[in-house]
Each structure stands twice: as C-alpha cells, then as structure tokens.
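Secondary and tertiary structure notes
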Amino acid sequence: TFKAAADALNSEIAANPSKDPRHSTEYRQNLAQSFLYKAFLAAQGKVPDEFRSALVDFIPMHYRPVSSGAESWGTDPKEGPVSQYIPKLASRIQASGEASYPSDGAPGALFAQVVFATAANAKLLAVDPTEALKMAGVRGFVAASDVPAVNNLGTVLGGDNLKEKLFFEAGDTIPAVGVLLGVVVADTWAQARAGAKKVQQSYAKGHIVSNMEDARRLGHTSKPEDLPAPITTPPGRRHPRADVTGGVAVEHAPPRVDAALSAKSTLKTGAQQHFYMETQSAMARKVDGNIWELVVSDQDCNFTQGVLSAILGVPTHNIRISVPRAGGGFGGKLTRQTPIAAACAVAANKMGRAVQIQNERSDDLQMVRGREFMDFEYNATFDAQGKVDTMDMTVHFDPGYFYGDAAGDLSMAVTWSDGSYHYNSFKVSQEVHVTNTQHTTSQRAPGNLQSLVAADAIMEHVARTVGRPLEEVMQLNFYKEGDKTPFGDTIGKDGFNWTVPQLFKQLQESTKYQDRKKAVQEYNAKNRWTKKGIAISTVKYPMGTTFYQSGALICIYGDGSVLVSSGGCELGQGLATKVALVVADTLKCDLKKISVGDRDTAKVPNNTCTGGSGTSECSSEAAILAANKLVAALKPYRDGKTWDEACAAAVAGGAQLMATAFWQNGGTSNNDPYATYGACTSEVMVDVLTGEVRVDRVDILMDLGTQLDAAVDIGQLQGGFVMAMGYLLTEQVMYDDQGTQLNLGTWEYKIPSAYDIPVEFNVSLLKDSPNPVGVKGSKASAEPAMGLVSAVYLSIKDALYAARQESGAGAGWFPLNLPVTTEAIRGAVGSLDKALVIPGL
C-alpha cells in the first residue's frame, strides 16, 4: 500500500540523512513522499478529475510553451530619433562576439589569479607560495610587501572602510573568507589559477559569526549613527537620498482612535549574489615612467582612480582608466572592482609588464557579496476597513565584516519603505549586525527591492486581517496629491507627478483582472494538487537625480562624423545608445554619424558613478549641453548645406568643433525631483506536492514619461523584472558555520533561465505622460520595475492560501520569507500526511 511504501521511504531517508546543508531533511522527506504519491496515482490508470493535476507536468521545458508577449509604447514624433524603438547600437557586435571588453586583456600581458583567504575570524599565521612558484609558467607571487604605498582599499571613503586592506598578511586577523592575500602571476590564465590554488595558508582559528541571527544573539549590533563616519564624501559617493542615519520618525497626524487593529510580524529577506556576464576583470600596465593605463570592468572610474592613486603612490593624473564597455555591473563594480584593479596594478609594477586578471566564476562569487540579508520587523495599525494609520518598523541589516559604504543600501531600504502608501505616522529604525562574512556591495535596486516587497507584504497582512480583497486595501491607502512622504517629497508638487492610481486602474481593466481572479478561484475549486494565484502590485520609485554630476566631450570631424565621450560607463544598459540619440537629435544629423567612445578618465574627469538607473539620463543631459554649443558653432555654415558640407566648411573656416559640458541637477523643492511609477499583475501555478512554481502571466504598465528609447527601456524593464524574479524564487545564498558560502557556480546558485521567464510577459509604457522635470520628458527605467516583483510574491501567497485551506492549515494570514524557494513553498503548504490518499483504495 502507499502508506507502507511511504513509511519505508521515510525510514530509509531518516536512516541515511544527507550531509548537504542546503536543504532540510523534512523537505527531502516531503519531496520523496510526494513523488512516490504521484507514482502511485499514475499507476491507478484513472483517477478523479480533481486529482489529475498531480500528474500534469507543467514545469519542465518540454511541457511549457515558449515565452511570448506583447509590447506597447507611444512616441513623440517631434523628438525623433528620441523616444523611438531603436535597438541598442552595439547589439549586433555584442551578439556576434566582436565587441571588446576589459576581460579581453592586452597582447603580451601576463595573467594573474587571486589568492583569497579560506578562513574567517582567524589569525593568519603564514602564506606560503613555495609550491606554486615551482609550477610551470608561474612567474611570481605578489603580496602586501609589494604594495608601493598604502595597502588599503578604503582611503577614499575612510571611516569604517579602512578595515579593508588590499592584501591581508601574516599576523592579521582575517575578517572573512574571500578577502585577498595576494595574486599568482603566470604565462597563462590556467597556469595562474592552478598556482593560486597551490598557495598554502595556515591559521589559528577563532569563533565565527556567519549569520545575522547569531550576530543579534551575541550582541554584534550597532546603530548606524554609532559607526565610524566617512572622512570624506567625494563627488561620486554623495548619497542620493535624505539623511536617515539615525532612522526616521514623521508624524503627519496623531494616531486615530478607530485604528485599533494591528499587523505585527517580521519579513526575512535573503541575499543575492552578483552574476554579471563578465566577472571582475582588469588589465594594468605602466608606460612612460610612472604613468598608468588600466582597462577595468568598472562602474566608477573616478573612484577606482582615487583608490589606485593611494595604493601606487602617484598623483591622480598619472592614472588613466578606460572602460570600452563592461559585461554587466548591477552595482557589483561600484567598489568591488577596486581589489582586482589594484591587485593587477601592483602585480604589473612588480613584474615590469602588463598584467591582466579575470576572476573565475566561483572565485568571484566567494570574493564579491551582493545584496544584503535584511529583516523587516514591523507593527502597522489600521481600522476595520484596512485604512492604515501608523507604522513602526526596524530594519535589521547584515553588511558583512564592516559597514562602510553599505550604508547607502540600508539608507535606500529605509527611504523606499513606504511604497505607494500613506501613513499618518511613519517610524523606521535601523540595526546593523556585523558578521564574519565578506563585505556586501550594492546590487540593482539596492536595499529597496526588499523594502518595496515588504511594503506590499505588510499591506497583504492588513488585507487578510480585515478580510478585504488586497487590491481594495492597496487602493484605499495610496498616496493622494498633496500628501507628503516621510522622506521629503510632496506628491504632485514641482514636477513630482503621480500616476499610480491611473496605472492601477488602467492595468486591471486592460488585463481583465477581476474576470481572471474569478477564473483562478474556479480552477482551485476543481484541482487538488495544483493551485493558481493572482495578484497586483504597484511601485513608486523616487529618483534622486541631484546626486549626479556628469560630463561630456563632443568632437565633430571634417567628414561630418561625431565622436562623443561620456562620463557614464556602458554596462549593457544602453547608455551609449541614449547619448547618441540625444546628440543626433540636438545636432539634427543622422544617427549613423554618431559614435560614443570608451569611458575615459583622461577625457571626462570627476564624474559620479554609473548606477541608480539615473546615469543614462544625466549623461544625456551633459551631452545635450555640449551639443548645443556645437549647434551655435555650426550655425554660420548650415544654410543650404548638407550636414557633411556644413562640417567641412566649418573646419575650413577654423570653427571650434569641440565642446565640453558638465551637468548637475539643481533639484526642486522635493528631496527627489521625480519618481518612476508602475503597476503589475502576476498569475502563477503552484505544484502543491513539490513546491514548484510557474509564472504563467505577467503584465506590466510603466510610466517612463516620454521614454528616451522604447527598445532599450522596455528591454531594461523586462531584464530588471526577471532579475528580481531570480532573487525572489531561485537565488538562495547560504553560509556554513565556517563562513564559507555554499552556493558557488551555476550548479548550486540558480539564476533565472529562459524557462523561468513568465510564459506570457506583456509590457506597456504609459502614453502621453511626459515627465515635467526629465530629460526630453523621460524617466529612469530598469531598477524601478524590480519592485513590481511583489506581484509574483503575492500571487504565490494567493495560491498557497487555497492549498493551505485544503490541507487543514486554515485561511488565516501566514508569514512567507524570501527567497520563496520550492522548499519554502512546500513548507508553507503544511503537512499533507492525511491528504495523501489514493482514491478508490
């Protein structure tokens, strides 16, 4: 019988437990039992209709349709080529493999690979490269004693960042697995990597705190205001939002007497690793004495330049950093590029030759931490209709072994935590829990991806408590024009337009949301082992563009060709394409005449970092300013002439056809000049027995103002959303009790694949809604769409409510932490022991 077989199976699993800590024994038993149950059902030949869903495969690639979807946008015919659907200009050479990247290196360069620490909170007794130096092709070992000047990566930022050495050395207490001890240099990449793994390390080990729970229990807790402050705030590191170091407490009105209900819980959100296509890469060489040229996969060349100036002991003008393009960044190359770039330069200095480094993927994952573990402890009060009144929240934050520049991520988590909702009283405090793990760094929508999901999860808690549909409670609590956010923005004032209610209504109508909601309920009533769920969410994503300063240099040549040098780095996000579009539009020349060159500190200095989704528009603003100067220079030569003729005449006439500009946003009365808005519906299918989930349909309606490039911006929305789905569903980060990360490489760390994309994925841009304060009426894309992933989270919970009612867990609210893995989903269903019956037996 099934029961006897299941009991025997459970006994075998219990007697032979897996030593893999990445999944619990309970889940392994539940999963094995579920597969056994499916096998028994299949053997019956015929089962009741409501049981047949257990036998329908809908996850594997050969059982699901290829993803498809529709795209919709509006254009401004007066602004062509701006706002049109123009593919990224470099897309063809990127697809063909002709595009160059920093990891391509340089002819004749030696190869280096990093040696990183393999122990945490341990005294390093010795580093011995003897065996490595005997290996074929190995040229040398580079360590702390080879650093020409300051052996520290934190000199530019100062404060807590000074805890990070370039190379830790014997006698140091090693803070985390993954910090650098040195590099091995060899003739080939393979030889260098093999040599790096042969370098011996010996330690006297101490007690390790590898997770935030242990840190809290042991009292490793600080308030941000009590931690060392940066000693300097360089232009590239000014924080874009209001100062919330000591938390925030805003009261618009006294607590309401009728708001006597409360929702109190903690949402735990997991971490996420950087998985850019190009791992950390750099090439360094010394030329003309003590002049340095570096090609780096980089998002903040000026920051890298400053760090290297201190380490090499040379003035900044002796260091030239260029970026042809980076193979992805997502925040992982805002500061984490500096260990590799600096190690490369120190190695080149010692070897007297050009040296290049590109991390192997698993090494990169061990060395570079991305999104932080964060817990949102909340207490919201509300009335019987679900109208919220007060919020009291504490954000718990794990930055790794020091806080430092991770302060920006925590600040962004706090300052986005209101979501689209108005509270009469809003209080957020922060706690930092330092662990013996590698230091974190920003990752696309840093901090706020989690807090935006938390804002909607809290609203779902409220709705479930009062027994009203979630969409009604959301709408009841939306901001209204004239409301002031806790972070200094007045809705509807000085260009801070407000379209969330319009998007919310329009998307429900266009997707027939209420009809589909009824269909989901009907499906669930008829199917026992698969459940559907549907939900909607919105996003308010304030853009602090006053943070940015951006430069541009434009040169026009006698044949009419135009070369633009921008202060922003091309990371794959289409920045260069948008800059080319606005320059062509301003100069009134053919787009084919425009070329955007490498990011180069010798051409555009003192630029802010490329991050936060605002660099494309700010680089475009700078380019427009420079192009307007050239319009004036060409004006005497334009009458009756083609573009090429006018340029040739201007060169012959001695006109200055080179122009520079530097742009800074003066700001408005709001802390943030504007916000990007969106709405999203999600429909999912959940396998109750295994916890697997398929996202069947996603519809996004986004307000990007008048987009700069429909093709690029829609692509950024799609990519950002799928990246957020990876964080939500499949990308789990775990550490063992020695501080070693367990999810290394593609076998253990699961980024989204083609089969994780929604089966139907529709994206539309709101038409006829230009941004009053944006470049060409545009708004930022990519990161804002990531917060909409809460619709997927909420639709999974919707499906789980149906499953839990049938399993006997009840219809009441329940917590569901992130990531929502198959194990988490199966665990949320509850015990199925009594439900696993074979019909007819």
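Residues numbered from 1 in each chain as written. Predicted model: local features only at pLDDT ≥ 70, side-chain atom pairs only at ≥ 80, totals over all residues. Heavy atoms only, no water.

1. Notes on the packing of aromatic side chains
- With the rule as written, the count across this model stands at 18 aromatic pairs.
- Ring plane angle 90 degrees and centroid distance 5.3 Å describe the contact between W498 and Y677, whose orientation is recorded as edge-to-face. Of this pair, W498 sits in the loop between helix 12 (470-477) and helix 13 (500-510) while Y677 sits in strand 24 (residues 674-687); the two residues are 179 residues apart in sequence, bridging distant segments of the chain.
- Chaining the aromatic ring pairs together yields one cluster made of F2, Y37, F40, F51 and W529.
- The ring of F275 carries the charged tip of R361 above its face, separated from the ring centre by 4.2 Å.
- Sitting over the ring of W747, K750 keeps its end group 5.0 Å from the ring centre. (Phe/Tyr/Trp six-rings, centres within 6.5 Å; stacked < 30°, edge-to-face > 60°. Helix = DSSP H or I, 4+ residues; strand = E, 2+ residues; numbered from the N terminus. Lys NZ or Arg CZ within 6 Å of the ring centre and 35° of its normal.)

2. Description of the sheet that holds strand 18 (residues 530-543)
- Spatially, 1-26-25-24-18 is the arrangement adopted by the 5 strands of the open sheet, whose pairing is mixed. If you trace the sheet from one side to the other, it starts and ends with strand 1 (71-72) and strand 18, each paired once.
- As paired elements, strand 25 (residues 693-703) and strand 26 (residues 760-765) share 6 bridges and run parallel to each other. Within strand 26, the position partnered with V698 by the bridge is F761.
- Here helix 13 sits on the sheet in contact with strand 18, strand 24 and strand 25, set at roughly 35 degrees to strand 24. (Pairing = 2+ DSSP bridges. Contact = heavy atoms within 4.5 Å. Axes fitted to C-alpha atoms, helices over the stretch in contact; angles between N-to-C directions.)

3. What about the nonpolar core?
- The biggest cluster of nonpolar side chains holds 122 residues, and the ones touching the most others in it are W529, F721, Y793 and I796.
- With sequence-adjacent residues up to four places away left out, Y793 is seen in contact with L267, V453, A457, L728, L816, L818 and V820. (Core = buried A, V, L, I, M, F, W, Y, C linked by side-chain atoms within 4.5 Å. Buried < 20%, exposed > 50% of the residue type's maximum accessible area, 1.4 Å probe, protein only.)

4. Examining helix 2 (residues 25-43)
- For helix 2, built from 19 residues, the straight-helix expectation of 27 Å at 1.5 Å per residue is met to within 8% by its first-to-last C-alpha distance of 27 Å.
- Within helix 2, the full set of buried residues consists of Y27, N30, Q33, S34, Y37, K38 and L41. One side of helix 2 holds all its buried residues, which, seen down the axis, span an arc of 145 degrees. In this structure, helix 2 carries A42 and A43 as exposed residues pointing more than 90 degrees from its buried face.
- Taken together, the buried residues of helix 2 touch helix 1 (2-15), strand 24 and helix 22 (822-829).
- Remark: G45 follows helix 2 within two positions and exhibits a positive phi of approximately 85 degrees. (Expected span 1.5 Å × (residues − 1). Arc of directions from axis to C-beta.)

5. Looking at the pattern of salt bridges
- Under the criterion given, the structure shown has 43 salt bridges.
- Notably, a salt bridge pairs K797 with E460, separated by 3.1 Å at the nearest N-O pair. Note that K797 is positioned in helix 21 (residues 790-807) and E460 in helix 11 (residues 448-466), a separation of 337 residues in sequence.
- Residue E460 is classed as buried on the basis of its relative accessible area of 7%.
- Linking K593 and D644 is a salt bridge whose minimum nitrogen-to-oxygen distance equals 2.9 Å. Taken together, the residues K593 in the loop between helix 15 (575-587) and strand 21 (594-596) and D644 in helix 17 (residues 643-652) connect sequence positions 51 residues apart.
- Given the relative accessible area of 33%, D644 is considered partly exposed.
- Three or more residues are tied together by salt bridges with common partners; here these are E213, R216, K268, D375 and E377. (Salt bridge = Lys/Arg side-chain N within 4 Å of Asp/Glu carboxyl O.)

6. Section: the confidence of the model for the protein chain
- Looking at the protein chain as a whole, its pLDDT mean stands at 95, while 98% of the residues score no less than 70.
- Here residues 232-241 is modelled with pLDDT under 50, and outside its nearest four sequence neighbours on either side it reaches 40 contacts, counting other chains as well. (pLDDT = per-residue confidence, 0-100.)

7. A closer look at unusual backbone geometry
- Cis geometry is adopted by the peptide bond preceding P819, which originates at L818 and carries an omega value of 0 degrees.
- Residue position: P819 is located in the loop between helix 21 and helix 22.
- Even without being glycine, S613 reaches a positive phi, approximately 70 degrees.
- Assignment of secondary structure puts S613 in the loop between strand 22 (599-600) and helix 16 (615-638).
- The phi dihedral of A782 falls on the positive side, at around 80 degrees, and the residue is not glycine.
- Relative to the helices and strands, A782 is located in the loop between strand 26 and helix 20 (783-786).

8. Considerations on the environment of Y513
- Counting through the fold element by element, Y513 comes out in helix 14 (residues 513-526).
- Looking at Y513, the relative accessible area reads 2%, which means it is buried.
- With 203 residues separating them in the primary sequence, Y513 and Q716 have C-alpha atoms 25 Å apart.

9. Section: empty space enclosed by the protein
- Within the structure shown, the criterion is met by 5 cavities of 30 Å³ or more.
- Reported here for the largest cavity is a volume of approximately 100 Å³.
- Lining of the largest cavity is provided by 14 residues; of these, E164, L180, R336, P339 and Q438 occupy positions nearest its centre.
- Classifying every residue of the lining of the largest cavity gives 9 nonpolar, 2 polar and 3 charged. (1 Å grid on protein atoms, 1.4 Å probe; cavity = no way out; pocket = protein on both sides within 12 Å on 5 of 7 lines; lining within 4 Å. Points joined across faces, edges and corners; volume = space filled by probe spheres on them. Nonpolar A, V, L, I, M, F, W, Y, C, P; charged D, E, K, R; others polar.)

10. What about the side chain of T338?
- Along the chain, T338 turns up in helix 8 (residues 337-351).
- Of note is the side chain of T338, whose polar atom sits 2.7 Å from the backbone oxygen of T335.
- If we ignore the near neighbours within four places in the chain, the residues touching T338 are L153, F303, T304 and V307. (Polar contact = N/O pair within 3.5 Å; in protein donor to acceptor, adjacent residues only side chain to side chain.)

11. Describing the sheet that holds strand 14 (residues 355-358)
- Strand order in this open sheet of 8 strands is 4-6-2-14-11-12-13-22, and the pairing throughout is mixed. Of all the strands in the sheet, the pair left with one neighbour each is strand 4 (138-142) and strand 22.
- In this structure, strand 12 (residues 291-296) lies alongside strand 13 (residues 319-323), joined through 4 bridges in parallel fashion. The residue bridging V295 from the neighbouring strand is S322, located in strand 13.
- Against the sheet, helix 7 (residues 301-312) touches strand 12, strand 13 and strand 22, its axis set at about 145 degrees to strand 13.
- Sheet contacts for helix 8: strand 2 (110-116), strand 4, strand 6 (180-186), strand 11 (281-287), strand 12 and strand 14; angle to strand 11, the most-contacted strand, approximately 35 degrees.

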